[in-house]
Amino acid sequence: MRSIRLVLVAVGVLLLAWGAIVMFDSVRPTRIPGVVLWIAAAIVLHDALLAVIVFTLGLALRRVGRRLTGTVLLIVQGGIIVGSIVSLIAVPTILAKNFAPANPTVLPLNYGLNLGIFWFILAALTVGLAVWASLRARRPVAELPDDTGR
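Parameters at a glance
Residues numbered from 1 in each chain as written. Predicted model: local features only at pLDDT ≥ 70, side-chain atom pairs only at ≥ 80, totals over all residues. Heavy atoms only, no water. Helix = DSSP H or I, 4+ residues; strand = E, 2+ residues; numbered from the N terminus. Rg over C-alpha atoms; globule rule 2.2 N^0.38 Å. Contact = heavy atoms within 4.5 Å. Areas by Shrake-Rupley, 256 points an atom, 1.4 Å probe, with all protein chains shown as cover. Lys, Arg positive; Asp, Glu negative; His and termini not counted. Charge placed at Lys NZ, Arg CZ, Asp CG, Glu CD. pLDDT = per-residue confidence, 0-100.

Novice: A description of the overall build of the protein should follow, citing residues and the corresponding values.
Specialist: Secondary structure summary: the protein contains four helices and zero strands in total. Listed N to C, the secondary structure of the protein is α-α-α-α in terms of helices and strands. Rg of the C-alpha trace for the protein: 23 Å, well past the compact-globule value of 15 Å for 150 residues, more than 25% over. By its C-alpha atoms, the protein is 80 × 50 × 35 Å across when sized along the principal axes. For the protein, the share of sequence-separated contacts (at least 6 apart) that also reach a separation of at least 24 residues comes to 57%. Element-wise, carbon and sulfur atoms account for 73% of the exposed surface of the protein, whose accessible area totals about 12,200 Å². Side chains of the protein give 13 positive and 5 negative charges; the mean places of these two sets differ by 15 Å.

Written out as structure tokens, the structure is:
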């Protein structure tokens, strides 16, 4: 196990170094502080907001629904994670639309409405999958047919 960890750490360090080389090669030096700020904000948002929300909702679901299966909890947490990631991607675009130039083709869509529609569909899919998994877990196991020929 220790050798696997060392390999994973080495691969991670190499990927970080490669990313830094590509960034310094392709991004203008005046834009690097903005990139660093964006990465730092993403880390803070993840650790301070998203991880706490998913953890808290997981605890609440476990306490409220003691009869819920682990599969249902994973489905709900997965839905929250997917929605949060999409929101993190969409919110800057929603905010940028307020400061967009007069050219309407720069940000042509209603990104707030699209995010709301996405959350509605995601919630419906998550509830549907959770109900399906819950019903499937409660279904009695069918007896296997007797193949002995007796």
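Novice: Could you give an account of the confidence of the model for the protein, naming the residues involved and the relevant values?
Specialist: The pLDDT averaged across the protein works out to 84; a share of 91% of its residues lies at or above 70. Within the protein, the element-level pLDDT minimum falls on helix α2 (residues 32-64), averaging 83, and the maximum on helix α1 (residues 2-26), averaging 93.

Novice: Kindly report on the environment of leucine 113, identifying the contributing residues and their values.
Specialist: In this fold, leucine 113 is placed in helix α4 (residues 111-138). For the pair formed by leucine 113 and isoleucine 94, sequence separation is 19 residues and the distance between their alpha carbons is 9.7 Å.

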